[in-house]
Amino acid sequence: MAVKIRLARHGAKKHPVYRVVVADARARRDGQIIEQVGRYNPNMDPSVIELDLPRVEDWISKGAQPTDTVKRLIETAKKAQ
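Residues numbered from 1 in each chain as written. Predicted model: local features only at pLDDT ≥ 70, side-chain atom pairs only at ≥ 80, totals over all residues. Heavy atoms only, no water.

The name recorded for the chain in an unreviewed UniProt entry is Small ribosomal subunit protein bS16, from Slackia exigua. Word for word, the UniProt comment on the chain under Sequence similarities (unreviewed entry) is "Belongs to the bacterial ribosomal protein bS16 family." (UniProt positions renumbered as here; feature names shortened; annotations may be inferred.)

The next point concerns the pairing of strand β4 (residues 48-51). Two strands pair when backbone bridges link them, and strand β3 (residues 35-41) and β4 are joined in this way by four bridges, in the antiparallel orientation. Along β4, the bridge assignment pairs Tyr-40 with Ile-49. Hairpin connection, β3 to β4: the antiparallel pair is bridged by six residues. (Pairing = 2+ DSSP bridges. Helix = DSSP H or I, 4+ residues; strand = E, 2+ residues; numbered from the N terminus.)

The structure is reproduced here in structure tokens:
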């Protein structure tokens, strides 16, 4: 089973709030997830990135592939710590 760490869109129309989730690569964008590992709110100034970095690293060590956007969020969160 291919597992990805990706964004799931929530929030109102034109005001998205994203959840960083671990999901099967075949699942829909906002469909069934395995685990929620963080949140991302681009509407705030500056953007709010809340990630459970130990859980993210654990999933990556198990073979989960983060999307390009999630890779950038992880790098930003690591720099902020």
